[in-house]
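Structural description and commentary
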Amino acid sequence: MTLSLRPAALAFDAIAHAFDARFGAWRSVSAQRRAVRDALLKAFPEGGHILELGGGTGEDASFLAARGYDLYLTDPSPAMVAQANAKLAPLQGRAEVVAGEEMEEFAARHLAGGGTKFDGAFSNFAPLNCIADLRPVARGLATLLKPGAAAMLVLFGTFCPGEMVVESMRGRPHVALRRCKRCSAPARLGKRNFHVVYHRRDAMKRVFAPWFVLEQRLGIGVTVPPSAAEPWISQQPRLLAAMEAVDRKLARPLAMLGDHVLYQFRRTTSL
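This report concerns the structure included in the present document. (Residues numbered from 1 in each chain as written. Predicted model: local features only at pLDDT ≥ 70, side-chain atom pairs only at ≥ 80, totals over all residues. Heavy atoms only, no water.)

Below, the discussion takes up the side chain of Glu96. The residue Glu96 is located in strand E3 (residues 94–97) in this model. Side-chain polar atoms of Glu96 contact the side chain of Tyr72, separated by 2.4 Å. Looking at Glu96, its side chain comes within polar contact range of the side chain of Arg109, at 2.6 Å. Excluding residues that lie within four positions of it along the chain, Glu96 makes contacts with Tyr72, Leu73, Thr74, Asp75, Val81, Phe106 and Arg109. (Helix = DSSP H or I, 4+ residues; strand = E, 2+ residues; numbered from the N terminus. Polar contact = N/O pair within 3.5 Å; in protein donor to acceptor, adjacent residues only side chain to side chain. Contact = heavy atoms within 4.5 Å.)

One finds Leu51 and Phe208 to be the most contacted residues of the largest nonpolar core, which totals 28 residues. Those elements that place two or more of their residues in this core are strand E1 (49–53), helix H6 (103–112), strand E4 (118–123), helix H7 (135–144), strand E5 (145–156), helix H10 (201–208) and strand E9 (260–267). By size, the runner-up hydrophobic cluster in this structure holds 26 residues, among which are Leu64, Leu71, Leu73 and Met152. (Core = buried A, V, L, I, M, F, W, Y, C linked by side-chain atoms within 4.5 Å. Buried < 20%, exposed > 50% of the residue type's maximum accessible area, 1.4 Å probe, protein only.)

This part takes up the packing of H6 against H7. Viewed as axis vectors pointing N to C, H6 and H7 meet at an angle of 20°, and their least axial separation amounts to 7 Å. Taken together, the axes of H6 and H7 are roughly parallel relative to one another. With respect to the hand of their crossing, H6 and H7 are arranged in left-handed fashion. Where H6 abuts H7, its residues Met103, Glu104, Phe106, Ala107, His110 and Leu111 lie against Pro136, Val137, Arg139, Gly140, Leu141, Thr143 and Leu144. Residues that form the contact of H6 with H7 fall into these classes: eight nonpolar, three polar and two charged. (Axes fitted to C-alpha atoms, helices over the stretch in contact; angles between N-to-C directions. Parallel < 35°, antiparallel > 145°, perpendicular 65-115°, else oblique. Left-handed = near helix turned anticlockwise from the far one by under 90°. Nonpolar A, V, L, I, M, F, W, Y, C, P; charged D, E, K, R; others polar.)

This part covers the state of the cysteines. Across all of its chains, the model carries zero disulfides by this definition. Cys160 forms no disulfide, and the closest cysteine sulfur to it belongs to Cys180, at a distance of 11 Å. (Disulfide = S-S within 2.5 Å.)

Right, let's get into the pattern of salt bridges. Summed over all chains, the structure comprises 21 salt bridges. Salt-bridge contacts for Glu101 lead to Arg6; the nearest nitrogen and oxygen are separated by 3.7 Å. With Glu101 in the loop between E3 and H6 and Arg6 in the segment before helix H1 (7–15), the pair connects residues that are 95 residues apart, well separated along the chain. Residue classification places Glu101 among the partly exposed residues on the basis of a relative accessible area of 28%. With its nearest N and O atoms 3.7 Å apart, the salt bridge here joins Glu244 to Arg248. Separated by four residues within a single helix, Glu244 and Arg248 lie in helix H11 (residues 237–250), roughly one turn from each other. For Glu244, a relative accessible area of 14% corresponds to the buried category. What emerges from the salt-bridge pattern is a single network uniting Arg34, Asp38, Glu244 and Arg248. (Salt bridge = Lys/Arg side-chain N within 4 Å of Asp/Glu carboxyl O.)

Spelled out as structure tokens, the structure:
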């Protein structure tokens, strides 16, 4: 495994110490996280062996581990992984520094070392958007997942009216349209620059075929606003609760309008 961190990993490494305090207090993030967690609990077998990609500080992994799942978290940031291990160790889970671009290499090493295949995998809040080429991720997951296992991958939506409205109101129209870009877009976090790619549905289907079939998409944050609306939206709990209720009803029919989109893939049994 490479010891040099990629730009996105460096950015998240720089804010790992404050990540939970900053984002954990935001009600919009919590609302979107609840929707994802509900979908994960429905998709994964009870007590299953679950892999997380780009798991950060382990908030979702520890949530599942506390409910009896066997969690193995991967993330490219050593500082994030250190925090995740502190949360997961008491719950018999573990975390390891692995970049998404290295998923094939990790898969070979994991299985060669006696590791077992997983009953499911997930990635939340768009770490896969920091990866330009998702083919190594798809091939690695194909090796690591059992036939019939679900891969629940949450990426940025590619057309988010909520972000367009919020960023326009903030006087940043150039940011409001960034998801329309077909090429990589600049991002900044922890005073460090990196790039994100807004992967489209058809491209996702091509990359993950023939090992996976796309079963459904769910919009995460169709009416719940993106984090750009913070901290104002957190000060409006009744409004946000109403938005969250509507969000659940629109998650399927208007998935393409979500701040995030959950792609539910299923590992095929023939390959």
